[in-house]
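# Close look at the chain arrangement
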Amino acid sequence: MRETIVSGMRPTGPLHLGHYFGVLKNWIELQKKERCYFFVADWHSLTTEYAQVDVIKKSVDDMVINWLAAGVDPERSVLFIQSEVPEHAELHLLFSMITPISWLERVPSYKELKQELKDKDLSTYGFLGYPLLQSADIAIYKATAVPVGQDQEAHIELTREIIRRFNYLYKKPIFPEPKTLLTEFPKIAGTDGRKMSKSYNNCIYLSDSEEEANKKLMKCITDPARMRREDPGNPDVCTIFSYHKLATSEATRRQIDADCRTAAIGCVDCKKILIKNLTEELAPFRERRKKVKKEEVVSLLHEGSKKAGLVARQTLKEAQSAMGLGFSV
Ligand code: SF4
């Protein structure tokens, strides 16, 4: 049976290699077999960017241009903007009636993100409730599977708990419990070895030209203990080697691993191999990216939001009715 998949991306800045390898390649595989809903999570952006909303508007078009260039196909999948389908917000409200606050407070990312984004005031109702909004995003399409990185697993578990509670309280199995599909590349390091993030200024962006990207790769940190060419290195702690896992064949990687440990290869040559492979991998994407027009994006998001709205409205009616609302239903 086909799975129903829901996955969103927050428009909070330009997309980088992590999005391409960690999310988009996975979406493209999923859309071959499953029924997919991919959305621009603009309400989710507001949970952290409510004080600088310009970035949201600026990021939406570019983000979806990258989706299309990577091969996300609007003929196979429904692509839409979350805020264009207000049923998400109403289901979020309904779920909020049955969700104990302690369930939200114990979500690990709540404390971690608050700590990580110390410069922002995240003591808001919206930020505490964002995993619940995620649950509504998933449930409104009766999703059966959700692709996430390890750091988001707890959110899907919370979704299952809320769905179980809803179905139990109202004695109607309206929502299926979605399973977690762990993504193959949950985390990608930035050029300085830390998590790839625009706030660390260590990203290789999908909008970077080939030259810009290659320049960043040539400057990228390697094994910090390998000071001289003749020192043996350790690929396990090297950011460049972690990128090889994205674009280089297993046989070549094995060779590099062995040559690095015996200093048979230097970091400059190793980076050149990576650049060649990564350039080949990204060439079709870069070509298509030049051709996607902004007007195309606007019209397909509009159409996609209409399609998503039809499904979301039907589910919402069922939820309203189960909760004793919707007198015309
Ligand atoms: S040779 Fe390659 S894997 Fe080894 S430290 Fe240098 S860049 Fe990293």
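Now for a quick tour of the structure. As the structure is a computational prediction, the values presented were derived from the model and not from experiment.

## Here we look at the nonpolar core
- Membership of the largest hydrophobic core comes to 53 residues, with the highest contact counts inside it found for L24, W67, Y243 and L301.
- The leading source of residues in this core is helix α3 (residues 54–70), at eight residues.
- Beyond its immediate sequence surroundings of up to four residues, L24 is in contact with M9, L15, H19, N66, W67, A70, V72 and L206.
- Core analysis: the next-biggest nonpolar cluster, separate from the first, contains 42 residues, L122, L128, I156 and F166 among them.

## A closer look at the site of the ligand
- Neighbouring residues of the ligand: T222, D223, R226, C238, I240, F241, C260, I265, C267 and C270.
- Applying the majority rule of atoms within 2 Å of the grid points places the ligand in the largest cavity.
- Of all elements in the fold, only α11 (239–247) and α13 (267–291) reach the threshold of two or more residues within the shell around the ligand.

## Details of the packing of aromatic side chains
- All told, the structure shown has 13 aromatic pairs when counted by the stated rule.
- Centre to centre, the rings of Y20 and F21 are 4.9 Å apart; their planes meet at 80 degrees, and the pair counts as edge-to-face. The pair Y20 / F21 is uniform in exposure class, with both members buried.
- Seen in terms of ring centroids, Y37 and Y141 are 4.4 Å apart; in terms of plane orientation they differ by 20 degrees. Their pairing is stacked. With Y37 in strand β2 (residues 35–40) and Y141 in the loop between α8 (130–139) and β4 (145–148), this residue pair connects regions lying 104 residues apart in the sequence. Accessibility assignment for this pair places Y37 and Y141 in one class, buried.
- Taking NZ or CZ as reference, K171 lies 5.9 Å from the ring centre of Y168, over its face.
- Lying over the aromatic face of Y200, R194 brings its terminal NZ or CZ to 4.1 Å of the ring centre.

## Structural notes on empty space enclosed by the protein
- A full pass over the atoms with the stated rule returns one cavity of 30 Å³ or more.
- Quantified by volume, the largest cavity comes out at close to 110 Å³.
- Along its surface, the largest cavity is lined by 14 residues, and R226, C238, C260, C267 and C270 are the ones closest to its centre.
- Elements represented by at least two residues in the lining of the largest cavity include exactly α11, α12 (250–261) and α13.
- Ranked by residues supplied to the lining of the largest cavity, first place goes to α13 with three residues.
- Class assignment of the residues belonging to the lining of the largest cavity gives a composition of nine nonpolar, two polar and three charged.

## Let's talk about the pattern of salt bridges
- Counting across every chain of the model gives 22 salt bridges.
- For the salt bridge of E3 with K179, the shortest nitrogen-to-oxygen distance reads 2.5 Å. On the criterion of sequence distance, the pair formed by E3 in the segment before β1 (4–9) and K179 in strand β5 (residues 179–182) is long-range, its members being 176 residues apart.
- Put simply, R254 and E250 hold a salt bridge, and the shortest N to O gap is 3.5 Å. In this pair, R254 and E250 both sit in helix α12, four residues apart, roughly one turn of the helix.
- Members of the salt-bridge network, linked through shared partners, are E157, R160, R164 and E177.

Analysis parameters
- Residues numbered from 1 in each chain as written.
- Predicted model: local features only at pLDDT ≥ 70, side-chain atom pairs only at ≥ 80, totals over all residues.
- Heavy atoms only, no water.
- Core = buried A, V, L, I, M, F, W, Y, C linked by side-chain atoms within 4.5 Å.
- Buried < 20%, exposed > 50% of the residue type's maximum accessible area, 1.4 Å probe, protein only.
- Helix = DSSP H or I, 4+ residues; strand = E, 2+ residues; numbered from the N terminus.
- Contact = heavy atoms within 4.5 Å.
- Near = heavy atom within 4 Å.
- 1 Å grid on protein atoms, 1.4 Å probe; cavity = no way out; pocket = protein on both sides within 12 Å on 5 of 7 lines; lining within 4 Å.
- Sits in = over half its atoms within 2 Å of the grid points.
- Phe/Tyr/Trp six-rings, centres within 6.5 Å; stacked < 30°, edge-to-face > 60°.
- Lys NZ or Arg CZ within 6 Å of the ring centre and 35° of its normal.
- Points joined across faces, edges and corners; volume = space filled by probe spheres on them.
- Nonpolar A, V, L, I, M, F, W, Y, C, P; charged D, E, K, R; others polar.
- Salt bridge = Lys/Arg side-chain N within 4 Å of Asp/Glu carboxyl O.

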